[in-house]
Number of protein chains: 2
Amino acid sequence: MSQILRQQIEKIVQITDTEFEYILSHFTNKKIKKHQFVIQEGQLVENDFFILSGCLKSYSTDANGKDHIIQFGMQDWWITDYQAYYSQTIATVNIDCIEETELLCLTFQNREKLCAEMHKIEHFFRKKTNKRNVALQNRILSLLSSNAKERYDKLLEQYPQLFQKVPKQLIASYLGVTRETLSRFNSTKK
Amino acid sequence: MSQILRQQIEKIVQITDTEFEYILSHFTNKKIKKHQFVIQEGQLVENDFFILSGCLKSYSTDANGKDHIIQFGMQDWWITDYQAYYSQTIATVNIDCIEETELLCLTFQNREKLCAEMHKIEHFFRKKTNKRNVALQNRILSLLSSNAKERYDKLLEQYPQLFQKVPKQLIASYLGVTRETLSRFNSTKK
DNA sequence: ACTTTGATGTGAGGTATGTCACATTATTTT
DNA sequence: AAAATAATGTGACATACCTCACATCAAAGT
């Protein structure tokens, strides 16, 4: 199962069996049931999570009690409260499971240790973060330049797997619209 | 002037005079006048730009010919079309100068060379990108959870310097509202 | 200094999306 | 299988924001 991580790393840098064993020894395993929290607002964020299987969401609750989805997580993706993780402070977001999920957990200390010890790994994480940057920027652009329907269509096209796992009201929250508006896209065929 | 770059690097990793000289030798200098382009849609993106002085904007033009500001750039910030830069493809955005600007230019090849040769520099760029990630994510959250007025107030609070250099219509574009809506915030005092 | 160009303000009316309420249909849980 | 819970659809109405039009004011180029 943890081979998924190795595959992801090896898309960017080549590593030996021994090196992978060593890297993996810095992770811990966690299995989490549906509806359970991985990170809760106010808690210290110790880990970044690599998703072996399952599905999660990270979201922030605003002043009016409304949730806004920051990110979904599925197999092969990483998820945490990055703001809190990188600065080792308390979470401002919640992360919970949409379905039963298996994670590899990497503490900040272990991440920095690996990066310091193995230049290759620092390279891997840099490249990974670069990609994340581009994705985030595209989402901003989508929010700035497209209406709700266009954003919906684009997301459906880009991540069809997501729509099998995630209820539409969460998709709506991710896109920044109400579930009602999103629902009406099915009838209105413009 | 290029000491600004050194200061930024040394906030994250310590380097010697010789090391800095070496790093700097991988940059080229560029001076650009107001209204001139640094990157144009369709061109190959060779450089990432470190801003020594001045002010720039990067923006994307949508299907209806409307511009959307992706990022501003001021002293001490980096700017480029990251999607095109990281994948060494052609630009989908434009970057031009809001006022006369002085840049340090780093080609992708030189960036990768420095990162490969100096672990410290790879570390620096990783940390830098991490921060950028957090900023981008906060902007997404702001677009999802705040109305135009709230976004405006937050930006004004966070980057007051920006409002001295940049016309309000560009601020509007960055926030994802029309200049008219933004203008009305001055009269309406809610 | 004058002229052009760009930035800002403001009114009137339009539209996409939000809100609330309730019905219907799936999905879990017992 | 029944009961409870969550997800979805849809109507009526509200509203934040957009569009277009024109006036004013500031800045830049000659």
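Please read these numbers as outputs of a predicted model, since none were measured by experiment. (Residues numbered from 1 in each chain as written. Chains lettered and ligands numbered in written order. Predicted model: local features only at pLDDT ≥ 70, side-chain atom pairs only at ≥ 80, totals over all residues. Heavy atoms only, no water.)

(A) Up close: unusual backbone geometry. For Gln88 of chain A, which is not glycine, the phi dihedral falls at a positive 50°. Along the chain, the position of Gln88 of chain A falls in the loop between helix H3 (82–87) and strand S6 (94–107). With relative accessibility at 25%, the residue Gln88 of chain A sits in the partly exposed group. The phi dihedral of His35 of chain B is positive, around 75°, even though this residue is not glycine. Residue placement: His35 of chain B occurs in the loop between strand S1 (27–32) and strand S2 (37–39). Of the residues examined, His35 of chain B reaches a relative accessible area of 61% and is grouped as exposed. (Helix = DSSP H or I, 4+ residues; strand = E, 2+ residues; numbered from the N terminus. Buried < 20%, exposed > 50% of the residue type's maximum accessible area, 1.4 Å probe, protein only.)

(B) Seen up close, the protein's contact with DNA strand D. Close to DNA strand D lie 20 residues, the nearest being Lys168, Gln169 and Arg179 of chain A together with Ala148 and Thr181 of chain B. What you see for DNA strand D is that sugar and phosphate hold 54% of its atoms within 4 Å of the protein. Thr178 of chain B places a side-chain nitrogen or oxygen 3.1 Å from a phosphate oxygen of DNA strand D. Between DNA strand D and Arg184 of chain B, the relevant distance is 3.0 Å, taken from a base oxygen to a side-chain nitrogen or oxygen of the residue. For the surface near DNA strand D, the elements supplying multiple residues, two or more each, are helix H8 (168–175) and helix H9 (179–187) of chain A together with helix H9 (179–187) of chain B. Of the residues forming the surface near DNA strand D, the biggest block, six residues, is contributed by H9 of chain A. Residue classes in the surface near DNA strand D are distributed as three nonpolar, eight polar and nine charged. (Near = heavy atom within 4 Å. Polar contact = N/O pair within 3.5 Å; in protein donor to acceptor, adjacent residues only side chain to side chain. Nonpolar A, V, L, I, M, F, W, Y, C, P; charged D, E, K, R; others polar.)

(C) Structural context of the packing of aromatic side chains. The tally for this structure, following the rule as stated, stands at 22 aromatic pairs over all chains. Pairwise contacts between aromatic rings join Phe27, Phe50, Trp78, Phe124 and Phe125 of chain A into one cluster. It is Arg139 of chain A that lies over the ring of Tyr174 of chain A; its NZ or CZ is 3.7 Å from the centre. Above the plane of the ring of Phe125 of chain B lies Arg111 of chain B, whose end atom (NZ or CZ) is 4.2 Å from the centre. (Phe/Tyr/Trp six-rings, centres within 6.5 Å; stacked < 30°, edge-to-face > 60°. Lys NZ or Arg CZ within 6 Å of the ring centre and 35° of its normal.)

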